[in-house]
Amino acid sequence: MTKTKRSVTPAPAVVLGTRALNRATLERQLLLRRSPMSAEDAVGHLVGLQAQNVRPPYYALAARLDGFAPEALSRPMADREVVRIVTMRSTVHTHTAHDCLTLRPLVQPARDRELTAFRKGLIGVDRDRLAALARELVETEPRTMRQLREALLREWPDADPQALSVAARCTLPLVQITPRGLWGRSGQVVLTTAEHWLGRPAEPAPAPDGTVLRYLAAFGPASVKDMQTWAGLTRLRETFERLRPRLVTFRDDHGVELFDLPDAPRPDPDTPAPPRFLPEFDNLLLSHADRTRVVPPAFRGRNWQGNLAHRTLLVDGFLAGLWRLEEHALVIEPFGRLGKGRREEVTAEGERMLRVLHPGTAYDIRFGTVRV
C-alpha cells in the first residue's frame, strides 16, 4: 500500500495587539526604561535622531538615557564623531560619523527622486558639473546655503535659485558644521561635504539588508511599509524576503505581516511605561506607516499644525498631550483628564527633564487647558 503525503498547514501567525507593539517599540527606543549607554552609542542604536532644529536630539536623549547631560552629545559633535546631515525622509538627522558615510549613500535614490520635481528649474544645468563645482566651493570654504546658491547662480544665471539649492543638497552629502548643533552655542547653518568634514571618503552604498536589521532592532516589529516610511525608500519587499529565514513574523490586529529579529525584546503588554517628554519630530512618531502603536486613533494629527510639529507627552506609552516651555513655566496640555497619580508622575518626569537640560533655571510646572 502506498502512503499519501499529507500537506502541512502552516501555523497561523501570532497576533501582536496594539499594546504589545507599543511596549516592544518603547523597549527598542529606550523609552520603557532609561539606558546607561553613551549618547553616541544611542544615536547609533536608534539609527539617527530627527534634527530639523538643534534642540530635539538633546530632548530625545534626555528622555532615553540615564545620566545624560547636553555635553554628552555636544562633545562628540564638536569632535566630529556625530554630525547633522539630510538622510531619511529628506530631513536633517543627527548621525554617527560612520552612519553618515554609509546611510547617506543608501538613501541616495530617494534624494534623486526628490530632485526630479525641480527639473524644470534646472534646464541647461549639467548635474555632474554642478556637483563638482558645489563640492569645490564648500570644501574650499564652508558656506551657507545662500552663499552656495549665489555662487552657483553665477554659473547658471537662468536657473531657478531654489532648484540649484535642492540640487546641491540632493547630490552632495552636505553636513552642518559646528557650532551648529551644539547645546547653547548654535550658529547658522554652514555646510561642507561629509568627506571633507570627517576626513575620509564615503563608503559605497551598502546592501539594505544590514539597515533592515538595524531598523527592526530600533523600531520593530514592523512591516515592509513601516520601514519604507522610515527610510523614504521603496521596493524593500525583496530585501525582507531575502532575510525572511533569519527573521520571525507576526500579524497585527489588521492582519498586516510584521517582521522582527528572533531574539529582540517583546515585553509583556502590561509592562508599566513611565511618562516621557519627547521633542517635536521625534522618530518614535514618524517611523511607521501605521502609527497607532503610539498614536491613538482619536489623537491622530493632534501633535501637528500645518508643517509644524509640537513637542509631545507620552503617558502609559501613548501620545497623551503636548508640552512647551514658556519664559518661566513648563506648560503641559493633556488630551484628556489625568488622574492624581498620573499628574504626579508627569510632574516628576517634567522636573527631571528640566534638571537635566535647564539646570539653574526656575520653571513652574503647570497643566494648561485640556485639549479635547
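Residues numbered from 1 in each chain as written. Predicted model: local features only at pLDDT ≥ 70, side-chain atom pairs only at ≥ 80, totals over all residues. Heavy atoms only, no water.

A. Local environment of the sheet that holds strand 8 (residues 276-278). The five strands lie next to each other as 8-11-12-13-14, forming an open sheet whose pairing is mixed. What marks the edges here is a single partner per strand, and that holds for strand 8 and strand 14 (364-367). The mean inter-strand angle of the sheet, taken between neighbouring strand axes irrespective of direction, is 30°. With five bridges connecting them, strand 12 (residues 318-325) and strand 13 (residues 329-334) associate as antiparallel partners. Paired with G321 across the strands is P334, a residue of strand 13. Of the strands in this sheet, strand 8, strand 11 (311-315), strand 12, strand 13 and strand 14 are in contact with helix 14 (residues 340-357), which crosses strand 14 at around 145°. (Pairing = 2+ DSSP bridges. Helix = DSSP H or I, 4+ residues; strand = E, 2+ residues; numbered from the N terminus. Axes fitted to C-alpha atoms, helices over the stretch in contact; angles between N-to-C directions. Contact = heavy atoms within 4.5 Å.)

B. Layout of unusual backbone geometry. In this structure, the amide linkage connecting T178 to the following residue, P179, adopts the cis form with an omega of 15°. Among the structural elements, P179 can be located in the loop between strand 4 (174-176) and strand 5 (191-193). Omega for the peptide link from G220 to P221 comes to -5°, which places this bond in the cis form. Even without glycine at this site, R89 takes up a positive phi of about 55°.

C. Spatial organisation of the nonpolar core. If you look at the biggest cluster of nonpolar residues, it comprises 32 residues, and the most contacted ones within it are L61, F68, L73, F277, M353 and L357. Here F68 is in contact with A39, Y58, L61, A62, L73, V356 and L357, once residues within four sequence places are set aside. (Core = buried A, V, L, I, M, F, W, Y, C linked by side-chain atoms within 4.5 Å. Buried < 20%, exposed > 50% of the residue type's maximum accessible area, 1.4 Å probe, protein only.)

Read these as layout, nothing more, since geometry by itself doesn't imply function.
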